[in-house]
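One-letter residues, chain by chain:
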Amino acid sequence: MTVRFVDSASLPTAWGEFDMHGFEDAQANKEHVVLTMGDVGNGEPVLARVHSECLTGDALFSMRCDCGNQLQAALEAIAAEGRGALFYLRQEGRGIGLLNKIRAYKLQDAGADTVEANERLGFGADMRDYSILKPMFDHLAIDSVRLMTNNPRKVQALEELGVKVVERIPLHTHSNPHNEKYLRTKAGKLGHLFG
Ligand SMILES: Nc1nc2c(ncn2[C@@H]2O[C@H](COP(=O)(O)OP(=O)(O)OP(=O)(O)O)[C@@H](O)[C@H]2O)c(=O)[nH]1
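Residues numbered from 1 in each chain as written. Predicted model: local features only at pLDDT ≥ 70, side-chain atom pairs only at ≥ 80, totals over all residues. Heavy atoms only, no water.

A. Quick look at the site of the ligand. Around the ligand there are 26 residues in total, and Arg-49, Gln-70, Thr-149, Lys-154 and Lys-186 lie nearest to it. Contact distances for the ligand include 2.7 Å between an oxygen atom and a side-chain N or O atom of Gln-70. In this structure, an oxygen atom belonging to the ligand sits 2.9 Å away from a side-chain N or O atom of Thr-114. Protein chains bury 100% of the 660 Å² of accessible surface belonging to the ligand in isolation. For the shell around the ligand, the secondary-structure elements that each account for two or more residues are β4 (46-52), α2 (67-81), α3 (98-109), α4 (114-120) and α7 (180-189). The leading source of residues in the shell around the ligand is β4, at four residues. (Near = heavy atom within 4 Å. Polar contact = N/O pair within 3.5 Å; in protein donor to acceptor, adjacent residues only side chain to side chain. Areas by Shrake-Rupley, 256 points an atom, 1.4 Å probe, with all protein chains shown as cover. Helix = DSSP H or I, 4+ residues; strand = E, 2+ residues; numbered from the N terminus.)

Okay, here's the thing in structure tokens:
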């Protein structure tokens, strides 16, 4: 893994002023970003969100998933505390990429669920690799977090990297007719904790 810190700048947002840190994975040709607020390196557990890229949900207002709402809720929660970190990982489509996600959506339009669609395309249900987080946590001197997620595998992945997850904070957003099946499948097949 060759992720390296590149640079920082301020990022004013609707939820307040964040510091934006760039990381480059030259090997994978990926650029990742971390937004922080407050002193995250002081040894106290950090309110954190590890968010995988979802262009459709995060930027194009899609209601097929819960990604955009979770992203906003996480930034709001960090701003409300005045301290925290959002790790925005370029792992679109649970690691299969944007074009394959569009192919997966087409299969879902024809009746497949989100896991079956991945499998029909020859992928596992979740192709993400969280090891890219390690150099980011090290650079920011964060070793323990209160993690906003419904995904127990994310908690496990961080623990395996040596980051202590002192608390898992559920991140539930409103469902809608377009994402109900997707959320049911995440709970039923991917182990996400809802309710
Ligand atoms: N392959 C595939 N990826 C999807 C689909 N819907 C959303 N995604 C991707 O799923 C990922 C969701 O990432 P996160 O919100 O960080 O993680 P999560 O596993 O849902 O867990 P939480 O922390 O509880 O949100 C993003 O990369 C989305 O692009 C889908 O139907 N198929």
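The discussion continues.
B. Summary view of the UniProt feature "active site" (unreviewed entry) in the protein. What UniProt calls "active site" (unreviewed entry) maps, in this numbering, to Asp-126 and Arg-128. Counting through the fold element by element, Asp-126 comes out in the loop between α4 and α5 (133-140). If we skip the residues at most four places from it in the chain, Asp-126 touches Arg-94, Asn-118 and Arg-153. Following the sequence through the fold, Arg-128 ends up in the loop between α4 and α5. Looking at Arg-128, the relative accessible area reads 17%, which means it is buried. Beyond its immediate stretch of four places on either side in the chain, Arg-128 contacts Ser-52, Gln-91, Arg-94, Gly-95, Asn-151 and Lys-154. At 2.9 Å, the side chain of Arg-128 and the side chain of Ser-52 are in polar contact. (UniProt positions renumbered as here; feature names shortened; annotations may be inferred. Contact = heavy atoms within 4.5 Å. Buried < 20%, exposed > 50% of the residue type's maximum accessible area, 1.4 Å probe, protein only.)

C. How the structure looks around the environment of Arg-4. Mapped onto the secondary structure, Arg-4 falls in strand β1 (residues 3-13). Residue class for Arg-4 comes out partly exposed when judged on its relative accessible area of 48%. Through-space distance from the C-alpha of Arg-4 to that of Ala-73 is 28 Å; in sequence the pair is 69 residues apart.

D. Structural context of the environment of Asn-100. Tracing the chain through its elements places Asn-100 in helix α3. You can call Asn-100 buried: its relative accessible area is 18%. Considering only alpha carbons, one finds Asn-100 and Ala-117, 17 residues apart in sequence, at a separation of 9.8 Å. With residues up to four places along the chain from it excluded, the contact list for Asn-100 reads Leu-121 and Phe-123. Within the structure, Asn-100 has its side chain in polar contact with the backbone oxygen of Ile-96 (distance 3.0 Å).

E. Highlighting the UniProt feature "domain: GTP cyclohydrolase II" (unreviewed entry) in the protein. UniProt's entry tags residues 8-170 with the feature "domain: GTP cyclohydrolase II" (unreviewed entry), counted in the numbering of this structure. For residues 8-170, the end-to-end C-alpha separation is 29 Å, with 34% helix and 29% strand making up the annotated structure.

F. Local environment of helix α6 (residues 152-160). Buried within α6 we find Lys-154, Val-155, Ala-157 and Leu-158. Taken down its axis, α6 places every buried residue within 160 degrees of arc, on the same side. Looking at the buried residues of α6, the elements they touch are β4, α5, β6 (144-148) and β7 (164-169). Looking at where α6 begins, the residue whose side-chain oxygen comes 2.9 Å from the main-chain nitrogen of Arg-153 is Asn-151. Just beyond α6, the residue with positive phi is Gly-162, at close to 95 degrees. (Arc of directions from axis to C-beta.)

G. View of the nonpolar core. Ranked by size, the top nonpolar core spans 25 residues in total, and within it Phe-87, Leu-133, Ile-142, Val-145 and Leu-158 carry the most contacts. Sorting elements by how many residues they give to this core places α5 first, with four residues. Not counting chain neighbours up to four residues away, the residues in contact with Leu-133 comprise Val-50, Phe-87, Leu-89, Leu-158 and Leu-161. Grouped together as the second largest cluster of nonpolar side chains are 13 residues, Met-37, Ala-74, Leu-86 and Tyr-88 included. (Core = buried A, V, L, I, M, F, W, Y, C linked by side-chain atoms within 4.5 Å.)

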